[in-house]
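In case you want the letters, here they are:
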Amino acid sequence: MEPVLRSPHISGIESVGPVRFFPIRHHSPACSYHLRRLIETWRPDCILIEGPENAETLIPVLCHADTQAPVAFYYYYKDSRGLLGKEKEDYKCYYPFLNVSPELTALREASARGIAAHFIDLPYGEILLGTAAERGMRGAGEKQTYNDDYLLSRSRYLARLCEKTGLRDFGEFWEKYFEIGGLFLTTEEFIRQMLVYCALSRESMPINELEADGCLLRERYMAQKLAEASETYERILAVTGGFHTAGLIECLKEADEDGMPEKERPRHLIFTGAPVTLHGLTEKEQGVYALAYSMEAADALNGYASGMPSPGFYEQVWKRLEEEGGAAAYEGAVLHQLVSAGRRARRKGEAISSYDVACAFSQAKGLAALRGKQAPGLYELRDSALSSFVKGECSLSTDLPLRLLQELNTGRQVGRLTAKAERPPVLRDFEEQCRRFGLKIHTAARQEVTLELFSKKKHMQESRFLHQLDFLNTGFAKRKKGADLLNRRDRSRIREIWNCHFSGQVLAALTDCSACGGTVAEAAAEKLRRQYESSSGTREAARLLTQGFQMGFSGKSPEMQAHIETVLAADGDFFSLAEGFSYLRMLYELQQLYHVHDEPRMMSLLSLCFQKLMQQLPSMAGVSKEQENACMSCCLALYQSTGHPALSGFRPLLSESFERLLRQPERRPGLEGAVLGLLYGNDGVWEERIVQTAAGYLQGSEQMRKKSAAFLRGLFYTARDIVFTQKRFVSMIDALIAGLEAETFLELLPELRMAFGYFTPMETDRIAGQAASLHKAEKKQLFGGLFVSPLEYEYGERLDAYGRGRMEEVWDE
């Protein structure tokens, strides 16, 4: 492999005129190491870096002594003019900087040495406008990154390289020949090897794909910037992604003035490509902020689509490169990670001894030698830990040491920005609120928070703040225990327990919401308002109302009330209305407890929703069998709701709707039984009607008897006490069962079991006594009789099998 990368027959142009090119891979320790050495020896008077030029004002923030990596640039573009599509969507991406990032190394070196430094790439919005749909930075994905190392790692050329060299993937290939192997090269040799590999990777990419990904457009723009800089500076260092370097060189040539001696010719460059025309995007349409970031967010294995994986491991390598230099940095990093993982595993009860650590380190060095590497790296670290730390088969019960090692390799550092950094107002509000409530930020440590909601006013305010953060999908707070109003569970709990965890993604998520408001509360309220406007059913609108209730927004938006009234009036879905009514009733009952005073509005919504339900209830008589249970539950919930003193005035209207339902020609038997039971619960005069209807099912035609189990299930669901007030019920059920054919009985048995499942054990015992008395027996006799042992049952099965076999033999004869 080495002869190919260093072959003199492959072009590897390092400079054009005053510009010297340094191709990089993002977050590469070897690239940072050689880049710093080149700056020390070559001493450029200008460093131009691949990065959107509208972030140039943030360079002082990155280089400030108080800024601690990891940090990131957060770019956003609002397609308000519909240049990308009629949807006019919002776009965002991240440009992370770690201590090991070559771009950050270049900026810090430039700042320390007084060298001019500039970003030269297109602004983010312009990149999007120059990229085809579903390609490059417009590709589908929850997490978009400015970096584009995927161009290096997904080429067809690389696939062949990995196959020929016997390496598992791009990561192992890169580490062997560039990260570890690169430390044994001079800076000039390393640059040439980078140029050759990147040029060969580029050659395997079709030109139309490069155009669709926006690569060619960006390269022309960066080449223009290099040509412009060449008129001012004499020693320019261009730090760009390795894949783009060859494209930049193709767009540039030295000025050539005939008749002038070579020494006297101007050194500036001429741009040979087609000029790039910008769209004139305004500051409202696109912008950039600096954010504190985290190692977890930067880890390729956690979804970040570019740069070196396992940044925690390479951070350890970089520390040793800064202190010691040379390949010893890798051995030191591997030993550090093994010792740290072993120590953490012992704290968690794992039997990892110092001898195991020593064996793992020895094996890592042995694997490196076997694989032709000058030092062990990330892959040898993982393989040696798997061999030495996992006892027996690797499974969920034995791989804890490997998971701890992966946490170390990812890293837990969270960055910090200088106080002078410009931040969106919503971030300042978030930090102020966290300080007010004592919530930990700028640390990766997890915090558990217990809130006494109804005894401490500040705890109620903190709960609302955490609910707002949860609604904004920041990932900062997750409720572990407490009342779950959204799912209408555990309403009686008086405490909430939250798990809080800060990361760079929290700030990024809040920055996404900065256009919605200057505070967390304003952003959450605006997002809630937008979701209200797009809601189309009572169920959805009521759930949003519940979320607003938990966030402390109840009664603060007349527009939302007007919208939900409109939704209620237009909703024709009975089940959506019923569920919405259940939410509204719950919120009405909890107002005083949660210190919310919105009674008139809530009662108005309840009344409107109830009237809509009563209009539609009679038409549910012929509901499908699949929806019958849900309809029965809705009827019971409505009946229980009207038992509340404030809602008791709705009971007559409900009874009237139930009676209208019973007058429908086609009625589901289960629903009919449930409604009759509810009417009986409201007025005992319905008892005789129930007995007559039950007799029609239990003693009627065969078709009616087949529906009897469903009727009983509905009746017992809402009025099981009638079995004890009307003794005829037990005798009618007994007669029904006695008269059924075996096949019909088995068909009804599941629903009969469900019907009697509504009774408590004590009530079941009473029914058993009544059933026994019908047959002149005592209840205890029901538990007697002959039982078949398992051995007898097995013997009977063998007899059946033998008899069946003999019959088949006779039949064949």
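Let me begin by describing the structure that accompanies this report.

Thresholds, definitions, all that
Residues numbered from 1 in each chain as written. Predicted model: local features only at pLDDT ≥ 70, side-chain atom pairs only at ≥ 80, totals over all residues. Heavy atoms only, no water. Core = buried A, V, L, I, M, F, W, Y, C linked by side-chain atoms within 4.5 Å. Buried < 20%, exposed > 50% of the residue type's maximum accessible area, 1.4 Å probe, protein only. Helix = DSSP H or I, 4+ residues; strand = E, 2+ residues; numbered from the N terminus. Pairing = 2+ DSSP bridges. Axes fitted to C-alpha atoms, helices over the stretch in contact; angles between N-to-C directions. Contact = heavy atoms within 4.5 Å. Patch = residues over 30% accessible without salt bridge, like charges linked within 9 Å, V, L, I, M, F, W, Y side chains within 5 Å. Areas by Shrake-Rupley, 256 points an atom, 1.4 Å probe, with all protein chains shown as cover. Salt bridge = Lys/Arg side-chain N within 4 Å of Asp/Glu carboxyl O. Lys, Arg positive; Asp, Glu negative; His and termini not counted. Charge placed at Lys NZ, Arg CZ, Asp CG, Glu CD.

### Some details on the nonpolar core
Point 1. Among the nonpolar cores identified, the biggest contains 229 residues, and Phe73, Phe173, Phe430, Leu466 and Phe476 are the most heavily contacted of them.
Point 2. Counting residues per element, this core draws most heavily on helix 25 (residues 574–590), at 11 residues.
Point 3. By size, the runner-up hydrophobic cluster in this structure holds 19 residues, among which are Val16, Leu48, Ala223 and Phe271.

### Focus: the sheet that holds strand 10 (residues 286–292)
Strand-to-strand pairing in sheets goes through backbone hydrogen bonds, with the strands running parallel or antiparallel.
Point 1. Spatially, 5-4-10 is the arrangement adopted by the three strands of the open sheet, whose pairing is antiparallel. Every other strand in the sheet has two partners, leaving strand 5 (90–97) and strand 10 as the edge strands with one partner each. Here the strands of the sheet are splayed against their neighbours by 20 degrees on average, with no regard to which way each runs.
Point 2. In terms of strand pairing, strand 4 (residues 71–78) meets strand 10 through seven bridges, oriented antiparallel. Counted as the bridge partner of Phe73 is Ala290 from strand 10.
Point 3. With respect to the sheet, helix 21 (residues 504–512) is in contact with strand 4, strand 5 and strand 10, its orientation differing from that of strand 10 by roughly 155 degrees.

### A short note on a negative patch on the surface
Point 1. Judged by side-chain charge, Glu702, Glu741, Glu743 and Glu747 come together as a negatively charged surface patch.
Point 2. Looking at the secondary structure, you find Glu743 in helix 34 (residues 742–756).
Point 3. Given the relative accessible area of 68%, Glu743 is considered exposed.

### Things to note about the pairing of strand 2 (residues 19–24)
Point 1. With six of six residues buried, strand 2 lies mostly within the body of the structure.
Point 2. With burial as the criterion, each face of strand 2 is covered, one bearing Val19, Phe21 and Pro23 and the other bearing Arg20, Phe22 and Ile24.
Point 3. Pairing geometry for strand 1 (residues 15–16) and strand 2, over two bridges, is antiparallel. Residue pairing across strands places Val16 opposite Val19, the latter belonging to strand 2.
Point 4. Linking strand 1 to strand 2, which pair antiparallel, is a turn of two residues; within it Gly17 sits at a positive phi near 60 degrees.
Point 5. As defined by bridge partners, strand 2 adjoins strand 7 (residues 236–241) across six bridges and the pair is classed as parallel. Residue pairing in the sheet places Ile24 in a bridge with Gly241 of strand 7.

### Let's talk about unusual backbone geometry
Point 1. Cis geometry marks the peptide bond from Ala69 to Pro70, where omega comes out at 10 degrees.
Point 2. Its place among the elements puts Pro70 in the loop between helix 3 (59–63) and strand 4.
Point 3. Positive phi, normally seen in glycine, also occurs at Ser310, with a value near 50 degrees.
Point 4. In this structure Ser310 comes out as buried when scored by relative accessible area, which is 0%.
Point 5. The backbone phi angle of Asp490 is positive, close to 55 degrees, even though this residue is not glycine.

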